[in-house]
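# Residue-level structural notes
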Amino acid sequence: MGWWRLLQSLRRFRAQSTLVLAACLSIGILSAGLAAHSESAKDAPTELRTITTAHEAHSLTSEEAKRAYPIHLQGVVTYFDADTGSGHGALYIHDSSGSVFVKFAPGSIKSLPIGSIVAVFGVSNPGGFAPIVDQAKVQVIGRSTLPADAVPVSRTQLFAGQYEGQWVEVEGIVHSASDKGHLITLELEVMDGLLFVTSVREPGADYASLVDARVRIHGHEAPLYNSSDQMVGARVVFPNLSAIHVIEAAPGDPFQLPTLLIDNLFRWDNMSAMRHRVHLRGVVTMQWPGASLCIHDASGGICAQTFQDTRLAMGDVVDVVGFAGSENSTAVLSNAVFKRAGSGVPVTAQPITAEEALLGKHNSEPIQIEGQLIGRDLASADTTLMLT
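### Describing the overall build of the chain
Within the chain, the secondary structure is distributed over five helices and 22 strands. Here the chain holds 388 residues, and 38% of them are scored as buried. Partitioning the intrachain contacts of the chain with sequence separation of at least 6 by distance along the chain shows that 55% fall at a separation of at least 24. Counting only carbon and sulfur atoms, one obtains 56% of the accessible surface of the chain, whose full area is about 22100 Å².

Here it is in structure tokens:
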């Protein structure tokens, strides 16, 4: 019977071994299935959240903005340009959280009144410098007004990119108003330098009357950037004339301003007038029509930058109005306009030596100098002769 008990023991061991093996196989298959499911879940794309505020859209990192987050915003239109000329249309939208630039296909939105309340549907994009809303579809859902409050900023703050895209306030004196294509650009002298402020030109609007006025303008900081998407400057874009508040109107006729002697510019007694246009009268000593005009009076000479191309003769007496400044330690006028006042006697060029010329005591005055011509500066945009 011993052999019978041994046979029964072997049969029980074989059955138990089969159960253990089956259990191990089941556990292995289950583990493999769980691992495969885990890897599949890891590889599955994460659903991107929908961005619903201007601040959140503008605050994305460049890498996040590349993921094309869906964006749904509601806000007020604070700038609109149907076709920027760069292959897209543009607008700024402002909500309670801030502002953001919105890009759309040119011609897809023909007009959009400033102050419209809109729903914007689009996706995030890194933009040329900061994140924007791209591929936008816009639906008008109401009417409102421009935001009353804007952040007062300096030129330095703007050029630091601190308020990129945001609704800001700048204040200064308008030096010029020039149009290019469908845009109008004001050159604004603020406390820490010159700033360009741009808008879509309104038909029939009188921008020239703003020259020499002190104004306060609400608009958006718009960056200037190079081909490497590096910020190299800034400007402000404003919606329309309703965003300009005139603090101090410009003189009605600038040629009725008191006449100053050239040598009296930037003297103590006249410094308070230097931020506005000054009125000079003198005899024409040189003119490059549409670029520069030089005059001379009893006290000295000065050259003025001007876009006016009215031709004058040497010796003509002219009234010149412009903004006083300095260049290479010499007084100059910028954004000047002029009108002929009569005929005069041409100013005789004064003979000087090369040493005297280098001292700068005859800047902007007609001179005569002798020397041997040794060459011409071909790198100069103007005709430049080299004497010894």
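Further notes follow.
### Remarks on the state of the cysteines
A complete count under the given rule lists one disulfide for this structure. Paired through a disulfide, Cys 294 and Cys 303 show a sulfur-sulfur distance of 2.0 Å. Every disulfide takes its handedness from the sign of the S-S torsion; for Cys 294 and Cys 303 that torsion is 100°, giving right-handed.

### Structural notes on the packing of aromatic side chains
Two descriptors summarise a pair of aromatic rings, namely the distance from one centre to the other and the angle between the planes of the rings. Following the criterion strictly, the structure yields three aromatic pairs and no others. Between Tyr 79 and Tyr 92, the ring centres sit 6.3 Å apart and the planes meet at 70°, which makes this aromatic pair edge-to-face. One end of the pair, Tyr 79, is in strand β1 (residues 70–81); the other, Tyr 92, is in strand β2 (residues 89–95), and 13 residues separate them in sequence. By the burial criterion, Tyr 79 is buried, and Tyr 92 matches it. Ring geometry for Phe 80 versus Phe 104: centroids 5.9 Å apart, planes at 5°, classification stacked. Taken together, the residues span a long stretch of sequence, with Phe 80 in strand β1 and Phe 104 in strand β3 (residues 98–104) at a distance of 24 residues. Note on Phe 80: relative accessible area 13%, which makes it buried. Among the aromatic residues, ring-to-ring pairing joins Tyr 79, Tyr 92 and Phe 101 into one connected group. Here Arg 155 stacks its cationic end above the ring of Phe 159, 4.2 Å away from the centre of that ring.

### Some remarks on the side chain of Thr 185
Of note, Thr 185 is situated in strand β8 (residues 183–190). Side-chain polar atoms of Thr 185 contact the side chain of Thr 198, separated by 3.1 Å. Not counting chain neighbours up to four residues away, the residues in contact with Thr 185 comprise Ser 176, Ala 177, Ser 178, Phe 196, Val 197 and Thr 198.

### Some points on the nonpolar core
Counting residues in each nonpolar core, the largest one holds 25 residues, and the members touching the most others are Leu 158, Val 170, Leu 188, Val 215 and Ile 217. Where this core is concerned, the elements lending two or more residues are β7 (167–180), β8, β9 (193–200), β10 (214–225) and β11 (231–237). Excluding residues within four positions of it along the chain, Leu 188 makes contact with Val 170, Glu 171, Gly 172, Ile 173, Val 174, Gly 193, Leu 194, Leu 195, Val 197, Val 215 and Ile 217. Of all hydrophobic cores here, the second largest spans 21 residues; its members include Ala 57, Ala 65, Phe 104 and Ile 109.

### Concerning the environment of Lys 103
Mapping Lys 103 onto the fold places it in strand β3. Between the C-alpha atoms of Lys 103 and Ala 136, which are 33 residues apart in sequence, the distance is 6.1 Å. Discounting residues that sit within four places of it in the chain, Lys 103 has contacts with His 88, Gly 89, Ile 132, Val 133, Asp 134, Gln 135 and Ala 136.

### Notes on the environment of Val 236
Tracing the chain through its elements places Val 236 in strand β11. Residue Val 236 is classed as buried on the basis of its relative accessible area, which comes to 0%. When the C-alpha atoms of Val 236 and Glu 221 are compared, they prove to be 4.6 Å apart, with 15 residues separating the residues in sequence. With near-sequence residues (within four places) excluded, Val 236 lies in contact with Leu 158, Val 168, Val 170, Leu 195, Phe 196, Val 197, Thr 198, Gly 219 and His 220.

### Structural notes on unusual backbone geometry
At Asp 229, a residue that is not glycine, the phi angle is positive and equals roughly 60°. Here Asp 229 is to be found in the loop between β10 and β11. On the basis of relative accessibility, which here comes to 43%, the residue Asp 229 falls in the partly exposed class. In this structure, Asn 335 is a non-glycine residue whose phi angle is positive, near 50°. Within the secondary structure, Asn 335 sits in strand β18 (residues 330–342).

Definitions and cut-offs
The residue numbering used here restarts from 1 in each chain and proceeds along that chain's sequence as written. Totals for whole chains, interfaces and linings use every residue, but because this is a predicted model, local features are given only for residues with pLDDT of at least 70 and side-chain atom pairs only at 80 or more, for both listing and counting. Hydrogen atoms and water are omitted, and side-chain values are computed over all heavy atoms in the structure. Starting at the N terminus, helices and strands are each numbered in turn, a helix being any DSSP run of H or I of at least four residues and a strand any DSSP run of E of at least two. Remark: exposure states derive from per-residue accessible area (1.4 Å probe, protein chains only) relative to the maximum for the residue type, with buried under 20%, exposed over 50%, and partly exposed in between. We call two residues contacting when some pair of their heavy atoms lies within 4.5 Å. Calculation of accessible area relied on Shrake-Rupley with a 1.4 Å probe; when residues are assessed, cover is drawn exclusively from the protein chains displayed. Count a disulfide wherever a pair of cysteine sulfur atoms falls within 2.5 Å. Pairing of aromatic side chains here covers Phe, Tyr and the six-membered ring of Trp, requires ring centres within 6.5 Å, and sorts the geometry by plane angle: under 30 degrees stacked, over 60 edge-to-face, intermediate tilted. Our definition puts a charge over a ring when NZ of Lys or CZ of Arg is within 6 Å of the ring centre and also within 35 degrees of the ring normal. We define a polar contact as two N or O atoms separated by no more than 3.5 Å, with the added condition that, inside protein, one atom must be a possible hydrogen donor and the other a possible acceptor, whereas residues neighbouring each other in sequence contribute only through side-chain atom pairs. Take the buried Ala, Val, Leu, Ile, Met, Phe, Trp, Tyr and Cys residues and link them wherever side-chain atoms come within 4.5 Å; each set so joined is a nonpolar core.

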